[in-house]
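Examining the three-dimensional arrangement
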Amino acid sequence: MEGRSLDPQVLEVLRGRATRRQNPSNMVRVFVSSTFTDMSSERRVLLEMAFPEVRSFCSSLGLVFEAVDLRWGLRNHSRGDHREAEVSLKEMETCQRTSLGPVFIGLLGSRYGPCALPHLLPESQFEALKSQLTPEDLLLVNQWFLKDNNAVPPTYVLQLITCQFPFYGDQRPEHRAERDASSMSWRSTETKLLSMLRKAASGATVKGHLTQEQTHRFFQSVMECEMAAGLLQEGAERTAFLFIRDSPQQQQQQRGKEGPKRLARFLNVARDSLLDPEAPALLSDLKTRLGSACQQILQLHTVELSKGAVDPKCKEHATYLEKLCEQVVSQMKTRIIRLLEVEEEEEQEKGRRKRKWGQLEEDQGGGSISLQEEISGHTAQRVELSRGLCGREGLLGRLCLALWESAAVPHPPLVLHGAPGVGKTTLVCRLAQEMLHVLEPRAVVALRLLSASRGSRPQIHHLLHSLCLQVCLAYHLSPLDPPAPDKHVELVRFFHNLLATVSQRGESLVIILDGVDLLSAPDLHYLPASIPPNVHLVLSTSTDSRMLEEMRGWLEAPGSFMAVERLSLEEGVEVMESSLRSSGRCLTEEQRDVVLRSFDKTGSPLHLRLILSEAKRWNSYTAVAGLQLGNNLQDMMSLIFLSLEKRHGKQLVAASLGYIASSRCGMLEAELRDVLSLDDEVLSEVYRYTLPPNPALVRLPPLLWSHLRMDLDHLLVESWTSGVMLLGFRYPQVFEEVRGRYLEDQSRNKMLSEYFLGLWSHKLKPLSLPNLALMLADRKDLRLCGEHMNCTESALLHETLVLIKPIVDLLGGHMDTSLFYSELVARLLSRATVFPSLIGRLVSHCEEWLLTCSEPVLVPKSTFLTAPAGALKHTFTGLPSVTLLCVDVCEDIIVAGAEDGSVMVWTMSSCRLLHIMLKHTGGPAAGPSLVPWRTWNLAVFSSRSRRWSLLSGKQVYCVQSAVDPDSAPVSLHLSQQTKRVFVYTKTQVRSWVLDTAERLLNVSTSGSEVLGVLGDDVVTLTAAGGVQISQQDHQTMTLETGLEGSLGGQGSPDVLRSLMLPRLGRALLLTQDGLLHQVSRSGRWTVTPFPMMPSSLFMATEDERMLLAGCDKSLLVFSMKTGSVQPTPVPPHGDWTVEKVLDLQHEEQRVILWSLEADPPSRPTECLPVGCTQHCLAKDCSRIYYVHKDFQKQVVCLDNLTGSVLDTLPVSAEVGCLVLANNKRLLFCGLKTGTILIYPLNLPQETLCIPPPESLPQVQCLVFDPKERRMAVAYEGAVSLFEVTSRDGFPMVEGPVKRFSLSLLQSPVSSMALLADGRLLYGTCCGELTVYDFNTSCLTSLESQSGRVTCVLAGNWGGHALVTSGDSLLRLWSLKPILLDHTMEYKTQSVSEGCVRCAAFSESDQLVFTGSMDRTIKVWAVATGQLLYVQCVYSPVVSMMTYRNGFVALSQHGAVIREVFRCPPRVGPEHNPLKNIRAKYRLTSQERTTHVAQTPLEPCDFNPSQLNFSGMLRDKPSSTCVVA
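Throughout what follows, the structure given in this document is the object of discussion. (Residues numbered from 1 in each chain as written. Predicted model: local features only at pLDDT ≥ 70, side-chain atom pairs only at ≥ 80, totals over all residues. Heavy atoms only, no water.)

**Observations concerning the overall build of the chain**
As a reminder, the rule being used: To qualify as a helix, a DSSP run of H or I must reach at least 4 residues; to qualify as a strand, a run of E must reach at least 2; elements of each kind are numbered from the N terminus. Burial classes follow relative accessibility: with a 1.4 Å probe on protein chains only, a residue under 20% of its type's maximum area counts as buried, one over 50% as exposed, and anything between as partly exposed. We call two residues in contact when some of their heavy atoms are within 4.5 Å. Accessible surface area values rest on a Shrake-Rupley calculation with a 1.4 Å probe, where residue burial reflects the displayed protein chains alone.
For the chain, the count of helices and strands is 33 helices and 76 strands. A burial count over the chain gives 55% of its 1524 residues as buried. A separation threshold of at least 6 residues defines the contact pool for the chain, and within that pool the share at least 24 residues apart is 60%. Accessible surface for the chain amounts to roughly 65,300 Å². Of this, 51% is attributable to carbon and sulfur atoms.

So, in C-alpha cells, the structure goes:
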C-alpha cells in the first residue's frame, strides 16, 4: 500500500471508530398502497403477472425483489388493535430504508378507504377536543380513550375493541352470533366516535386550539396516510409510481340503479348502509393534490366499471389490466436501471469503488466491502449496547488499569468470565468505547462479537483472517493480503508475526473477542499465550463453559482472569430508569416494585432487558394484579413467547422464530414470508375458520407477519450482508430458547430444506386445509441449502455439495447458477430413481430450470461426475504452500507432515483440523517422516526425532542425533509388539525404546541398501541383488535367513518401492521393470507382474488384506488374501477392516480421504477402466469396446448399463485403431501388422479379415463416409478406399477399389474424414492438411497447421469440416467450395491442455462439440465460430459422437458423458462463455465477397436449430474478437 492512502472514512471504520456508510442495497422492496376491495382486481393481476416478471428481471441483475401488499389475502381489514396505520407506515419506512428503489406504488380508484380512529392522542389535543364535546359525547369518548401516564408526555390510548365487545374477531363457529353482534355494535360505536371527534376537531380548529393538519387526521383514511408518506415527500418522483383509475359513469351509477349496498364495495359507508358524505370530497381532494404533485409519475386510466367493479372477464377491462401490468413492469425496469446507473456514476466520481449490477466489487483502496460490513456491524452493536451500560464503573476501571499496566511488557491475554446473560458483551463494548477515547487516534480497536445468534460455530481461521486484514489495512502494512482462511499454517504464523510487527512499530492495538466459548477447545491454541507490548487481547467466555477450564490450563497467570458479577439492585434501578427514559416511558411505583422484585432474583442484565421490554407495554391503568414476570431468564423468555402466541397464533410464532433459528446466517423477510406460505400448519391456523380470498394462490397474508414483526423488534436484529438485510436473534440465549422450544422435531428443518432447494419453485405444492384441498404456489430460485434434515437423501445431498466445493473454491467462492445446476444433475441423476422424494424432485427441478435457461447450457443426461455415497469422502484443501511429504492414519486421527517441518493433525470423523505443530526450526529441507499410533505421534526432522501427544499437541520428548543430518531420505518404523522405534536411511539403522528413548541399535550397512523394517527385522538389498532379512541384537545385526532368490545381480532393475507386511511376514519390492517381488521370512520368493507404477501411494490396509496403489490421479485396490496380488476394483463389502485410506497429491496440495466400505448397491456402475488406448461407443450407449494398454491383443466389450464384461475378442497383434460402424453394426480393428479384422455384431461367431498389403504397413487411421458405404484406411505409405456392402444379409467389404500413395516427404496420417462425394480430408503428424478426390485423383494442399493435426471431422450434411491441431487452434472450413471460414484459438495456462482430442457436429451441423485435454467440453456455433458454452468435466475427453439433441462422449477416466444442448433463439453480445473458467479465446472470421449458399438443414426437435446465426453474420461480417 506504499504510495496510496486510504479514504479517511474507511480508515475510521478499520480503526473501529465509525461505521461505514450504508452499502448500496441489493434489495428492491416496494410497498403497494390501495384500498381493500376497490382495487382488488388490479392488485391480483400485479401479483400474478407483473411482479413475477419484475422479480425475474431483478434476479438477472443479482437483486432481491419483494412486493409488500398488506391488503392482500385478508377479508377483514381490522384486527381490533387499531394499529393498521402504524404497521403500514412502519413497513413503508422499512422499504425506504432498505430498498435500492423504487419503494412505493399507489393504486387509487373510486374509494377513499376507511377512516380509522386515532390510536394515540396527545394530552394537549385530547384536552382541546374535550372542550368541544357535550357531556353525553364525552362520556362515550372517556369510555374508549384512557389516559396513560406512563407515556412521556401523557397520552390517551384507544382501547382494544375486545375490551367492550369480547367476541369481536372471534372466528369460532360456535360464537358466530356473538361475533356478528359485536361487529355491528363496534361499527355503530366507531361511527359515533368518529363523528364526535370530527365535529369537536373542527370546532377546536375554529378557536385555534388545533391546526388544520391535526384536524385533518380525524378525516384521513389509512390509504391517504400511505399516499402522503409515499408520494408527497421529497424525492418521490425517483422512488414512487402512481396509477389512478377514474370512472366517468360513477356519478350516474350512484343516482341510478346501483344501490348503496352494491356500491359499498367501492364507496365508504356509515351506519345503516348510508354513504359516507365526507368520502367523495376527501377522495376528490386527494386526487387533486396527488395529480398536482405527481405529474411526472402519474398514469391515468379511464375505465367504465361493470356494476361498479373491474371484471377481468370483460374484454375492455382485461385490456386495461394488461396495460397496467405493462406500465408497472416497464417503469419498474427503467427506474431500477436508472438508479443503478446513477449510483455507479456517483461512486466513480467519489473514486471509492465500482458497482456491478447485483454485485459489490472489492474496494482496492480500502479492503473488501465484506470486511467493512463485518467491522461496521460489530461497531454498530458496540454503540447500541454501550448506551445501555449503567454501573459497572468499578469493574470497567479495573479493566482499563490492567490494560494500562501491561502495555509496556509482554503479557498474557485478559479473560473476562461470567454467567450467561450477566452482561459480558455489553461490558466489552463499553471497554472498546473507553479504549477509543483513551488511545491515540491511530490506535486500532478490533472488536468481534462472536456470541451472535447463529446456528453454526464461528470459524477460527476466518476470524484470524479478518483480524489480520483489518490490522494490515489500518496500519498500511505489507503484504496487504494475509494468507487465505484455508491456508491454516501460514495464517497462524502471519497472525503471530503481525502482532509482533505492530508492537515493534510502537502502534497501539486492542483486540476484543467476545464469546470465545463458541469456539472449539483446539481453536484456543491458535491464539498467542504471550502478547507483545502495546498490543492487548481481551477474551470473554461463560463461566460454566469448558473453554474457561482450557484457558486456565493455557494461561498460568491467575491475574489474567476477571469475573463479571451480577448487577446490584441499585445498578438495576439505574439501568431501568435509563432504558425507560430513552423510550419515552415510565412506570408507576407499584409497577416499578414488580420489575425490581423479579430482577433482584437473578441480577442478570439480560433478564432486566426482557422484563423492561414487556414493562414498556404497560399503561398506567394496567392492573398490577394481572402482571406476570419470570423469576429467571428462561421463565421470562417463556412468558414472552406465550404472550406472542396468544396475540398472533402459536403456529405463526413458532414457525417464524423456528425458521430464523434454523437458518445459518439469518433470513430475508421475503424468504421468511415465502417459507411461512409453504408451511401447512401455519396456513391451517390462519385459515382455520375462513376460506382464503384466492384459493388458486394461498399465501400467508403479509399483514399478519408485519404485526408480529413489530412485536418481535426487541428480540430480533437486522444485519446487512452483500447488500441484503437479514433477520437474526439479538441475544444468543433467545436463540437457544427458540431452538429448544420450537425445533424439537425436524419438520421445519425439512420445510426449510425444501424451500432453499427450490423443490416448489414454479410448481404447486399440495396443501391440506380443513375441508379444503388447495394448491400452494411459490416462486423461488434454487439456493445452496445451509441446513439439511437428518435422512439418507439429505446426507447424499450434503455429500454432493462437499464434492462440488473444490470447483467453488477454484472459482473464488462464486458459482454460476447454470453451472451449479449442471453439477447437481451430473452427480445425482443416477440417484433420482432410487430416492425420488427429495433427490428425484431436485434433479427434475434442475433439469427444468436448465431447459428454460436464458443462456446457452449443456443439460446432463447421465451421471458422469463423481456421485455421492461413493469411495471419495473428503478432500482436505487449504494446506501449506510447501510440499507435503507424508501422510499417515491411525484410528480416527490423520497426520500429515510438510516439507517445512510442519505437522498437521485432523480427525477423520469430523474432518476437522486439531493441531498444527510448529516446533521444528530445522530449515526448509527438513521434512518429516511420521508414525501415528493411538493418541501420540512420532516424527523425524533432519537429525532429530520427536514424540507428540495428538490430543494436546504438546511434545513429549525429542531424541537428538536420531540420524545423520546428511542422510536422505529418512524413514520411521514402529514395532507395536516390542514398542521399539526404528529410524533408517539407505545405509544406516538406529532404534530405541519407545517409552524411555533408550538407544538400542546404531549400525551402518556397508555394501547393502536398507529396504525397510519387518517387525523387528531389518530387510536389506545386497550388492549382488539378494535380499537379506536380519534380526537386530542391540548393537549388531545377525543374518537370520539368506534367501536364494535375487533380483538379478549385476545390472538388475532398481527397487522403486518397498512395503513391509509384518502380519504376513512378507516384504513387497516393486522394481523398475514392473515386477512385484514378494519375499517371506521362510525364504519363499514370488514374482508377479504389476500393472502400474505408483507415483503417490503404495501402502497396505491395517489388516494387510488389501494393497493400495495410486498413479496418474487414480487409486487401485488389490486383494492379497490368496498370497498373490490381483486387481480388485470393487472389493466385496465386509472383507477388510480398514474403512478409509489417504492419497497425497503433491501438485495440487490436497489430501484425499477414500472409503473402502461404501455400500456396493450405492456405488455407481463401473464404466471404462483407466488406461485404455483404443475405445469406441455404440450409438445407443449400450456397449463400449476398448483395448487396454496392458492387454493390447484383445478387444473387450463392456455393458455400459451394468458395467459387466459381455465378451472378449482376441486378436493376433496389437490393435492400432478401433472403429465402430453403428449403422452397419460392424466393429473394425486395425492391427499394427496391417490386417483389419471385422466383427459383425449381429453374428457373434463370425469374423472377417482384410489382409494387409504386401509391405505389411501399420494401419494408422480408419474412417467411414456419413452413410457407412465406403471406408478409407490410411497405412504407412498409402491410403486405400474400400466399399462396405452386404450379400444375402452377410456383410461384405470389397476392395481396395481405389488407392493413392502418400508422398515420401509427408509425415504419417494422424486424422482424416471421408466425405459423401468421395473427397478425403486428412491431416498429418506434422500439420499438413490435404484434400484428395478419389473421383478425379486430384490432390489439393490446404493451409498447414503449426502442430500435429489431432482431429479432422466432417459435418453430417457435408457442408463444413472442423480441423484441430496441437497448438490449440480450431479451424472451421466450408467444403462447398473449400474455404476457411473461422479460426478459433482457445488458450489456457498450458497450451497443450487446450488441444482438442475429439469432436462431434450436431445433427443439423449448426453446432460443433469439442472435447479437449483441459478437461472441458466446448460448444461452438458453426456459422459464426462463436464460442457458446464451456463445461468442465474433470477428465480429458477422448471420444465423442453425435447423439440425438446433443452428444455422447467418453472421458479418459472411463466416464460416459451424455448431454443435450439448450440454447435460446438468439445469443446476445453480452454473453460470456468463459465466466466459469480461466481461459481466453480469439475468433478470426474470413471476409466473404460473395454470398455462400448454405446447405439446407434438416429440422430437429431442439433449440439450436432455431438459432438466428444469420443475423449475427449480418451484424459482424468479419470480426476478430478476444474474450477473457
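**Some remarks on the nonpolar core**
Convention followed: In plain words, nonpolar cores are sets of buried Ala, Val, Leu, Ile, Met, Phe, Trp, Tyr and Cys residues tied together by side-chain atoms within 4.5 Å.
Core analysis: the biggest nonpolar cluster contains 107 residues, and V595, L610, F641, Y659, F729, M1440 and F1461 have the highest contact counts within it. Counting 52 residues, the second-largest nonpolar core is a separate cluster that includes F104, M196, A200 and L283.

**A few points about the sheet that holds strand 59 (residues 1290-1301)**
To be explicit about the condition: Note on pairing: DSSP must find at least two bridges between two strands before they are called paired. Fitted lines through C-alpha atoms serve as axes, helices being fitted only where they are in contact, and the angles separating the N-to-C directions of these axes extend from 0 to 180 degrees.
Reading across the sheet, the four strands line up as 56-57-58-59 and stay open at both edges, with antiparallel pairing between neighbours. In this open sheet, the two edge strands, each paired with only one partner strand, are strand 56 (1261-1264) and strand 59. This sheet shows a mean twist of 20° between the axes of neighbouring strands, independent of strand direction. Bridging between strand 56 and strand 57 (residues 1270-1274) involves four bridges; their strand directions are antiparallel. Each bridged residue has a counterpart across the sheet, and for F1264 the counterpart in strand 57 is M1271.

**A closer look at the environment of L1353**
Along the chain, L1353 turns up in strand 64 (residues 1349-1354). With ten residues separating them in the primary sequence, L1353 and V1363 have C-alpha atoms 6.6 Å apart. Look past the residues within four positions of L1353 in its chain and what remains in contact with it is A1313, H1360, A1361, L1362, A1399, A1400 and F1401.

**Comments concerning the packing of helix 17 (residues 460-474) against helix 18 (residues 488-504)**
Using the following cut-off: Crossing handedness is defined as follows: a turn of the near helix away from the far one that is anticlockwise and smaller than a right angle gives a left-handed crossing, while the clockwise case is right-handed. Note on residue classes: Ala, Val, Leu, Ile, Met, Phe, Trp, Tyr, Cys and Pro are nonpolar, Asp, Glu, Lys and Arg are charged, and everything else, Gly too, is polar.
Taken N-terminus to C-terminus, the directions of helix 17 and helix 18 make an angle of 35°; their axes are 10 Å apart at the nearest point. Of the two possible hands of crossing, helix 17 and helix 18 adopt the one that is left-handed. Seen from helix 17, the contacting residues are H461, L464, H465, L467, C468, V471 and C472; seen from helix 18, they are H488, L491, V492, F494, F495, L498 and V502. Residues that form the contact of helix 17 with helix 18 fall into these classes: eleven nonpolar, three polar and no charged.

**Concerning the pattern of salt bridges**
Which entries qualify depends on this criterion: For this analysis, a salt bridge means a side-chain nitrogen from Lys or Arg found within 4 Å of a carboxyl oxygen belonging to Asp or Glu.
Throughout the structure, instances matching the rule amount to 52 salt bridges. Note that R585 is salt-bridged to D148, the shortest N-O span being 3.0 Å. Taken as a pair, R585 in the loop between helix 20 (569-582) and helix 21 (589-599) and D148 in strand 5 (residues 145-148) lie far apart in primary sequence, 437 residues in all. In this structure R585 comes out as buried when scored by relative accessible area, which is 16%. Relative accessible area serves as the criterion here: at 2%, D148 is assigned to the buried category. Put simply, E434 and R430 hold a salt bridge, and the shortest N to O gap is 3.3 Å. Here E434 and its partner R430 are both found in helix 16 (residues 424-438), four residues apart, which amounts to about one turn of the helix. For E434, a relative accessible area of 22% corresponds to the partly exposed category. A cluster of three or more residues bridged by salt bridges with shared partners is formed by R29, E66, E91, E93, R97, E669, R673, R709, D713 and E718.

**Here we look at helix 28 (residues 732-742)**
The condition that has to hold: It is the directions from the helix axis to the C-beta atoms that the arc portrays.
Residues V734, F735, E737, V738 and Y742 constitute the buried set of helix 28. Projected down its long axis, helix 28 shows its buried positions confined to an angular sector of 165°, all on one face. Packed against the buried residues of helix 28 are helix 23 (633-648), helix 24 (650-662), strand 17 (724-729) and helix 29 (747-756).

**Let's talk about unusual backbone geometry**
The omega torsion across G101 and P102 is -10°, close enough to zero to call that bond cis. Looking at where P102 falls in the secondary structure, it is placed in the loop between helix 3 (84-98) and strand 3 (104-108). A positive phi is found at E1268, a non-glycine position, where the angle reads about 60°. With respect to the helices and strands, E1268 occurs in the loop between strand 56 and strand 57. Take E1268: its relative accessible area is 9%, and that puts it in the buried class. Positive phi values are uncommon outside glycine, yet R1415 reaches one of about 65°. Relative to the assigned elements, R1415 resides in the loop between strand 69 (1407-1412) and strand 70 (1416-1421). What makes R1415 partly exposed here is its relative accessible area of 35%.

Interpretation in functional terms is not warranted from these geometric data alone.
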